Amino acid sequence: MGFKEVVEISKPRIVVLLVITAVTSMYAASKLVPGVPDLDYWAYLHIIIAGALASAGSSALNHYYDKDIDPKMTRTSTRPIPSGRMAASHVMIYGLAVSCISVIYGFFALNAVSAFFIAVGIFSYVIIYTVWLKRRNTSNIVIGGIAGSAAAWAGWAAATGSMDLLGFLVGFLVFVWTPSHFWCLAMKLKDEYAQAEVPMLPVVIGMQKTSKFILGNTLILIPYSLILSFIPDGMGVVYTVIAIVSGGLMLVYHYKLTKTPTSEFAWKAYKVTAPYLTIIFVAVALDAVFHIPLF
């Protein structure tokens, strides 16, 4: 079991994305929620460590559980378990150990509420998405998206020790964004998912209908993202402008996708959809720095 394999089963790109959502949420909460003291560098280091461990551990458990279908897909056939570079038992032990450590670390280094949301994220991704829904239902990735929301909630709770309406809505952005993002990837990989008998939406209802679902989800995401600006003590001008521009760009590509529902264009749409989450959470943090209320 080499370092390269450990990094691979930890899915570092997902680690980075979820850590960004957690850190930006934590920072925003420290600035926008009355009575929350300014945080020191140690607090941010703790959420980075806890979040990275949670994401890495749950990703490894996803590798372990999917070891039987990974060889059937070109995209996943070279992963450490199907390629024989790591023993499945080692991946499982690593995943369980790191996941448990992340929750314990979060409890002692942050607080109980943050640790609870870290545990929710792990449970959602490993049990609800990977084990229960992925191979059974087209709603798999929709409901599984709660795992991403949990990272933002953990960050918010790390700063405040609780959860309020704005913190919940900020985290739920991930849930609302996830279908548009992942269905684009599923359109790109439709044939591979079909070969592995995974009921992703394009496999079950076809490319044209899936593209309409993506557009419909984005039409929900944009107004949802703006709710954050219109609740009492919500986001300000900086966030609102960035949310409108980035959401509008996604909408354009997803509308075009309904006219060209091919795997090639789905990949282009995916590349536009993927950065949205980072952009919108950086916007949350920037709004906290330069907070100009809308009203």
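As a reminder, the structure under discussion sits directly above these lines.
Residues numbered from 1 in each chain as written. Predicted model: local features only at pLDDT ≥ 70, side-chain atom pairs only at ≥ 80, totals over all residues. Heavy atoms only, no water.

(A) Structural context of the nonpolar core. Counting 77 residues, the largest nonpolar core has Leu228 and Tyr239 as the members making the most contacts within it. Of all the secondary structure elements, the ones that give two or more residues to this core are α2 (12-32), α3 (41-65), α5 (112-133), α7 (146-160), α8 (165-188), α11 (207-230), α12 (237-259) and α13 (263-289). With 14 residues, α8 is the largest single contributor of residues to this core. Among all residues touching Tyr239, those that are not within four sequence positions of it are Leu173, Ser225, Leu228, Ser229, Ile280, Ala283, Val284 and Asp287. Counting 12 residues, the second-largest nonpolar core is a separate cluster that includes Val19, Ala56, Ala88 and Tyr94. (Core = buried A, V, L, I, M, F, W, Y, C linked by side-chain atoms within 4.5 Å. Buried < 20%, exposed > 50% of the residue type's maximum accessible area, 1.4 Å probe, protein only. Helix = DSSP H or I, 4+ residues; strand = E, 2+ residues; numbered from the N terminus. Contact = heavy atoms within 4.5 Å.)

(B) Up close: the layout of surface pockets. Estimates place the volume of the second largest pocket at around 160 Å³. Lining the second largest pocket are Leu32, Pro34, Ser229, Ile231, Pro232, Asp233, Gly234, Met235, His291, Pro293, Leu294 and Phe295. Its residues placed into classes, the lining of the second largest pocket shows 8 nonpolar, 3 polar and 1 charged. (1 Å grid on protein atoms, 1.4 Å probe; cavity = no way out; pocket = protein on both sides within 12 Å on 5 of 7 lines; lining within 4 Å. Points joined across faces, edges and corners; volume = space filled by probe spheres on them. Nonpolar A, V, L, I, M, F, W, Y, C, P; charged D, E, K, R; others polar.)

(C) Quick peek at unusual backbone geometry. Even without a glycine there, the phi angle at Glu197 is positive, about 60°. Under the relative-accessibility criterion, Glu197 is labelled exposed at 66%. The phi angle at Asp233 is positive, at roughly 60°, despite the residue not being glycine. As for its position among the elements, Asp233 is in the loop between α11 and α12. Since its relative accessible area comes to 71%, Asp233 is described here as exposed.

(D) Local environment of the pattern of salt bridges. Counted according to the given criterion, the structure contains 7 salt bridges. Glu5 is the salt-bridge partner of Arg85, the closest N and O atoms lying 3.2 Å from each other. Of this pair, Arg85 sits in the loop between α3 and α4 (88-109) while Glu5 sits in helix α1 (residues 3-9), and the two are 80 residues apart along the sequence. With its nearest N and O atoms 2.6 Å apart, the salt bridge here joins Lys134 to Asp66. Of the two residues, Lys134 is situated in the loop between α5 and α6 (140-144) and Asp66 in the loop between α3 and α4; the sequence distance between them amounts to 68 residues. Across the pair, exposure class does not vary: Lys134 and Asp66 are buried alike. Salt bridges sharing partners connect three or more residues here, namely Asp66, Asp68, Lys134 and Arg135. (Salt bridge = Lys/Arg side-chain N within 4 Å of Asp/Glu carboxyl O.)

Geometric values such as these leave the question of function open.
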